[in-house]
Amino acid sequence: MTGKATPKRHVLADAREAADACALRILGLLNEALSGRETATLAISGGHTPKPMFEKMADQPFEWKRTHLFWVDERCVPPGDPESNYKLAMDYLISRARIPERNLHRIVGEIAPEEAAAWYTQEIRAFFGLAAEEMPAFDIVQCGMGPDGHTASLFPGDPMIHDRKGIAAARFAPQFQQWRVTLLPGPLLAARSRLYLVTGADKKDMLRTVFGGPVEGDRYPAQVIGHSAEWFIDTAADPGV
């Protein structure tokens with residue numbers, strides 16, 4: 001990214017309304033994709049913020065059997081672990097919406113991190129039929145942002161924020177003492193649409209920096225991935241810049 005981020009912002013009254021608006025936008029974009037193709041692709045994030053978004057998506061009439069689900073990142077834990085992003089999606093979206101198992105492309109968090117990253121890379125390459133160094137074009141990637149400006153599992157100071165050739169990598173998050181597997185900037189930036197759901201007063205100062213501060217991608221990865229994205233935020237997180 002060169003130059004200041006110029007994202008499109010939707011400011012909603014509270015976290016629930018922001019999640020609902022993001023959910024409906026995702027489904028609208030998926031329907032647009034499915035109007036011209038047999039299948040669509042969506043990569044989702046984890047943490048606590050997307051839970052109401054998943055619930056809203058599951059409650060809406062939608063032809064999920066034509067959408068393939070991927071993950072932006074995953075903690076290196078088994079799929080039934082409370083920390084698992086896969087488990088969050090399974091509990092609040094996949095099981096409720098009855099998304100077919102054949103449409104799920106999870107990150108295998110229960111194996112060695114580097115092996116999981118290589119496996120996920122190969123899974124994506126095979127699904128999209130990619131040539132060497134070609135990037136997948138997800139229809140939508142849905143991201144979040146931490147109070148420190150991290151996005152996906154790309155944390156401040158991570159040199160991988162400059163990587164444009166890799167698809168996925170294992171990264172160690174020292175503040176959580178945890179290994180994770182994450183999509184890299186190449187596929188995140190190649191997505192047809194990037195949507196951010198960010199809520200809570202603890203994100204306000206960082207959003208002020210991401211939206212209005214000088215571009216410092218090494219310090220604030222969300223500035224790199226979040227430019228030209230649509231952001232759904234609540235009034236508590238809105239920096240007003």
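Heads up: these notes are all about the structure in this document. Residue positions are given per chain, counting from 1 as you read along its sequence in written order. Only residues with pLDDT of 70 or above have their local features reported here, since the model is predicted, and side-chain atom pairs are shown and tallied only from 80 upward, although totals for entire chains, interfaces and linings are computed over all residues. Note that the side-chain values use all heavy atoms of the structure and ignore hydrogens as well as water.

## Quick look at the nonpolar core
And step 1. Met57 and Trp231 are the most contacted members of the largest nonpolar core, which totals 75 residues.
And step 2. Looking at this core, the element that brings in the most residues is helix 1 (residues 15-34), giving ten residues.
And step 3. If sequence neighbours within four positions are ignored, methionine 57 has contacts with Ala23, Ile26, Leu27, Leu42, Trp64 and Leu93. By nonpolar core we mean a set of buried residues, namely Ala, Val, Leu, Ile, Met, Phe, Trp, Tyr and Cys, connected to one another through side-chain atoms within 4.5 Å. Accessibility here uses a 1.4 Å probe with only protein chains present; expressed as a share of the type maximum, an area under 20% marks a residue as buried, one over 50% as exposed, and anything in between as partly exposed. Counting from the N terminus, the helices are the DSSP runs of H or I reaching at least four residues and the strands are the DSSP runs of E reaching at least two. We call two residues contacting when some pair of their heavy atoms lies within 4.5 Å.

## Description of the packing of aromatic side chains
Aromatic ring pairs are described here by two measures, namely the spacing of the ring centres and the angle between the planes.
And step 1. Think of it this way: a Phe, Tyr or Trp ring, Trp meaning its six-membered ring, pairs with another when their centres are within 6.5 Å, and the plane angle makes it stacked under 30 degrees, edge-to-face over 60, tilted otherwise. Following the criterion strictly, the structure yields eleven aromatic pairs and no others.
And step 2. For the pair phenylalanine 127 and phenylalanine 128, a centre-to-centre distance of 5.1 Å together with 80° between the ring planes defines the contact as edge-to-face.
And step 3. Classification of phenylalanine 128 as partly exposed rests on a relative accessible area of 23%.
And step 4. Here arginine 106 stacks its cationic end above the ring of tyrosine 86, 5.5 Å away from the centre of that ring. The criterion is that NZ of a Lys, or CZ of an Arg, lies within 6 Å of the ring centre and within 35 degrees of the ring normal, and then a charge sits over that ring.

## Observations concerning the sheet that holds strand 7 (residues 168-173)
And step 1. Only strands joined by at least two bridges in the DSSP assignment are considered to pair. Pairing is antiparallel in the open sheet, where three strands are placed in the order 4-8-7. Of all the strands in the sheet, just strand 4 (73-75) and strand 7 have a single pairing partner and so form its edges. Sheet twist, expressed as the mean angle between neighbouring strand axes with direction ignored, is 25°.
And step 2. Across three bridges, strand 4 lies against strand 8 (residues 178-183) in antiparallel orientation. Residue aspartate 73 lies in a different strand from strand 8, and its bridge partner there is threonine 182.
And step 3. Whenever a helix is involved, its axis is fitted only over the stretch in contact; in every case the axis is a line through C-alpha atoms, and angles between N-to-C directions fall within 0 to 180 degrees. On top of the sheet, helix 4 (residues 113-128) reaches strand 7 and strand 8; it is set at about 150° to strand 7, its chief contact.

## Let's talk about unusual backbone geometry
And step 1. Positive phi, normally seen in glycine, also occurs at arginine 98, with a value near 55°.
And step 2. Along the chain, the position of arginine 98 falls in the loop between helix 3 (85-97) and strand 5 (104-105).
And step 3. On the basis of relative accessible area, arginine 98 is assigned to the exposed category, the value being 74%.
And step 4. A positive phi angle, close to 60°, is found at serine 228, a residue other than glycine.
And step 5. Taking relative accessible area as the criterion, serine 228 reaches 54% and is therefore assigned exposed.

## Topic: the pattern of salt bridges
And step 1. Salt-bridge detection follows one rule: a side-chain nitrogen of Lys or Arg within 4 Å of a carboxyl oxygen of Asp or Glu. Applying the stated criterion across every chain, the model contains 14 salt bridges.
And step 2. In this structure, glutamate 230 and arginine 25 form a salt bridge, with 2.8 Å as the shortest nitrogen-oxygen distance. Placement of glutamate 230 in strand 10 (residues 230-234) and of arginine 25 in helix 1 is noted, with a sequence separation of 205 residues between them.
And step 3. We classify arginine 25 as partly exposed; its relative accessible area is 31%.
And step 4. The salt bridge partner of aspartate 91 is lysine 87, with a shortest N-O separation of 2.9 Å. Placement of the pair is aspartate 91 and lysine 87 together in helix 3, with a separation of four residues, close to one helical turn.
And step 5. By relative accessible area, which is 32% here, aspartate 91 ends up partly exposed.
And step 6. Judged by its relative accessible area of 26%, lysine 87 is partly exposed.
And step 7. Through salt bridges that share partners, Arg16, Glu55 and Arg96 make up one connected network.

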